[in-house]
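Examining the three-dimensional arrangement
Chain by chain, the residues run as shown.
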Amino acid sequence: VPELPDVEHVRRRLQRGAAGRRIRRVRVLSPSTVRSPAPGRFARLLRSRRIAGVRRRGKYLLLHLTGGWTLVAHLRMTGDFVLAPASRPLAPHTRVVFSLDGREVRFVDQRRFGHMDLVPTAALGAHPALRRVGVEPLSRAFTAPRLRRLLQRRRGGLKAALLRQDLVAGIGNLYADEILFQARLSPARQAGDLSRAELDRLHGALRAVLRRAVRAGAGGEWPARSLLAVREPGGACPRCRRPLAVRRVAGRTTYCCPACQR
Ligand SMILES: [Zn+2]
């Protein structure tokens, strides 16, 4: 499931390969992928607009188009944007095809949960989903005091709080586990109970893990001291070598080291 670093990789791919180019034609092969407007109008509105730039907000991709429109896309479980020469046969599960000059941007999505909306750029701030997206963890705005304010006196579990997109944007199950491992905090802790030192450690780990994942690139290797490198049944903690625990926390399969994470 794509999380912030994965969506950021897709954003960079689109920015490199599609920004500055004009959309010649749009084919909606799977109407349920386009939520609004209706697929016919969606295709007409996009035709002959140029992709001015590609941004990311949390797990949303924003393709800014000339003429005041923005394509807002969410990859959900299996969605992906791939660039391909127009001559290459379509991959299975291709849902929407944007033809540029000679090349295509193809939205491929096996599970079909991914979706896109075409929204007037001026109305983006009022978009119901985007309005709820919390602070960008790699932005300057995400300081240690900001995280302290978000979690202090919050009821409920720490891992559940990390997964909430309206607090800190872009963290999913895998990176939440990695961040908690690096911060040496148990996923079962209560968010509101962390000490100031623990909150500062969490802030540092959160930034470091996401920054490293963005830098590593798609399919990048995990360093030996990361939980993600050993995250499987029977895996051993990279720090103390004891067996990892697998638990259900915040409704998600959670890996942690009961000895290192307190
Ligand atoms: Zn350990």
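Residues numbered from 1 in each chain as written. Predicted model: local features only at pLDDT ≥ 70, side-chain atom pairs only at ≥ 80, totals over all residues. Heavy atoms only, no water.

A word on the coordination of the zinc ion
Heads up, the rule is: Here the term donor refers to an N, O or S atom within 2.8 Å of the metal (or 3.2 Å for Na, K and Ca), and because water is left out of the atoms, sites may appear incomplete. Key to geometry: four donors with every angle between 85 and 135 degrees are tetrahedral; four donors are square planar and six octahedral where opposite donors lie over 155 degrees apart and all remaining angles lie between 65 and 115; all other sites are irregular. By the criteria applied, helices consist of DSSP H or I runs no shorter than four residues and strands consist of E runs no shorter than two, each listed in order from the N terminus.
For the zinc ion, the full set of protein donor atoms is Cys237 (SG), Cys240 (SG), Cys257 (SG) and Cys260 (SG), at a range of 2.2 to 2.4 Å. For the zinc ion, the 4 donor atoms in the first shell make angles of 104 to 114 degrees at the metal, so the coordination geometry reads as tetrahedral. When the donor residues of the zinc ion are listed from N- to C-terminus, their spacing reads C-x2-C-x16-C-x2-C. Of this pair, Cys240 sits in the loop between helix 7 (196-216) and strand 10 (245-249) while Cys260 is found in the segment after strand 11 (252-256), placing the two residues 20 residues apart along the sequence.

Topic: the layout of surface pockets
Rules: Here a cavity is any set of points on a 1 Å grid over the protein atoms alone where a 1.4 Å probe fits but cannot get out, and a pocket is any open set with protein on both sides within 12 Å along at least 5 of 7 lines; a residue lines the site when it has an atom within 4 Å of a point. Grid points are joined across faces, edges and corners, and a volume is the space filled by probe spheres set on the points. Under the convention adopted here, Pro, Cys and the residues Ala, Val, Leu, Ile, Met, Phe, Trp and Tyr are nonpolar, Asp, Glu, Lys and Arg are charged, and Gly plus all remaining residues are polar.
Space inside the largest pocket adds up to approximately 320 Å³. Residue classes in the lining of the largest pocket are distributed as 7 nonpolar, 4 polar and 6 charged.

As for unusual backbone geometry
For clarity, the threshold we go by: Note on classification: 1.4 Å probe, protein chains only; a residue is buried when its accessible area is under 20% of the maximum for its type, exposed when over 50%, partly exposed between these limits.
Here the amide bond leading from Ser36 into Pro37 is cis, since omega sits at -10 degrees, within 30 degrees of zero. Looking at the element boundaries, Pro37 is found in the loop between strand 2 (34-36) and helix 2 (39-46). Its identity is not glycine, yet Arg153 carries a phi of approximately 65 degrees, on the positive side. Within the element layout of this structure, Arg153 appears in the loop between helix 4 (144-151) and helix 5 (158-163). Relative accessible area serves as the criterion here: at 74%, Arg153 is assigned to the exposed category.

A short note on the sheet that holds strand 2
Which entries qualify depends on this criterion: When DSSP finds two or more bridges between two strands, those strands count as paired. Whenever a helix is involved, its axis is fitted only over the stretch in contact; in every case the axis is a line through C-alpha atoms, and angles between N-to-C directions fall within 0 to 180 degrees. It only takes one pair of heavy atoms within 4.5 Å for two residues to be counted as in contact.
The mixed open sheet is built from 5 strands, whose spatial order is 2-9-5-4-3. Across the chains shown, the open sheet's two edge strands, defined by having one partner strand only, are strand 2 and strand 3 (51-57). Strand after strand, the sheet turns through a mean of 25 degrees between neighbouring axes, direction not considered. One ladder, built from 2 bridges, connects strand 2 with strand 9 (residues 115-120); its direction is parallel. In the strand pairing of strand 9, Ser36 is matched with Asp117. Relative to strand 3, helix 1 (residues 4-17) is tilted by about 175 degrees, and along the sheet it contacts strand 3 and strand 4 (60-65). The strands touched by helix 2 within the sheet are strand 2, strand 4, strand 5 (69-74) and strand 9, with strand 9 carrying the most contacts at an inclination of about 55 degrees.

Some remarks on helix 7
For the α-helix, the turn length of 3.6 residues means that residues three or four positions removed from each other point alike. The criterion, for reference: Multiplying one less than the number of residues by 1.5 Å gives the expected span of a helix.
In this model, helix 7 (21 residues) spans 30 Å end to end at C-alpha, consistent with the 30 Å of a helix rising 1.5 Å per residue. Looking at helix 7, one finds that the buried residues are Glu198, Leu199, Leu202, His203, Ala205, Leu206, Arg207, Val209, Leu210, Ala213 and Val214. Where helix 7 is buried, its residues touch helix 1, helix 4, helix 5 and helix 6 (173-183). Where helix 7 terminates, the next one or two residues include Gly217, which has phi positive at roughly 80 degrees.

Quick look at the packing of helix 4 against helix 7
Basically, it comes down to this: We call a crossing left-handed when the near helix sits turned anticlockwise from the far one by less than a right angle, and right-handed when that turn is clockwise.
Two elements in contact, helix 4 and helix 7, have axes separated by 9 Å at closest approach and are oriented at 115 degrees. Between helix 4 and helix 7 the crossing geometry is right-handed. Side by side, helix 4 and helix 7 meet where Ala144, Leu147, Arg148 and Leu151 of the first sit next to Arg196, Leu199, Asp200, Leu202 and His203 of the second. Each residue belonging to the contact of helix 4 with helix 7 can be placed in one class, and the counts come to 5 nonpolar, 1 polar and 3 charged.

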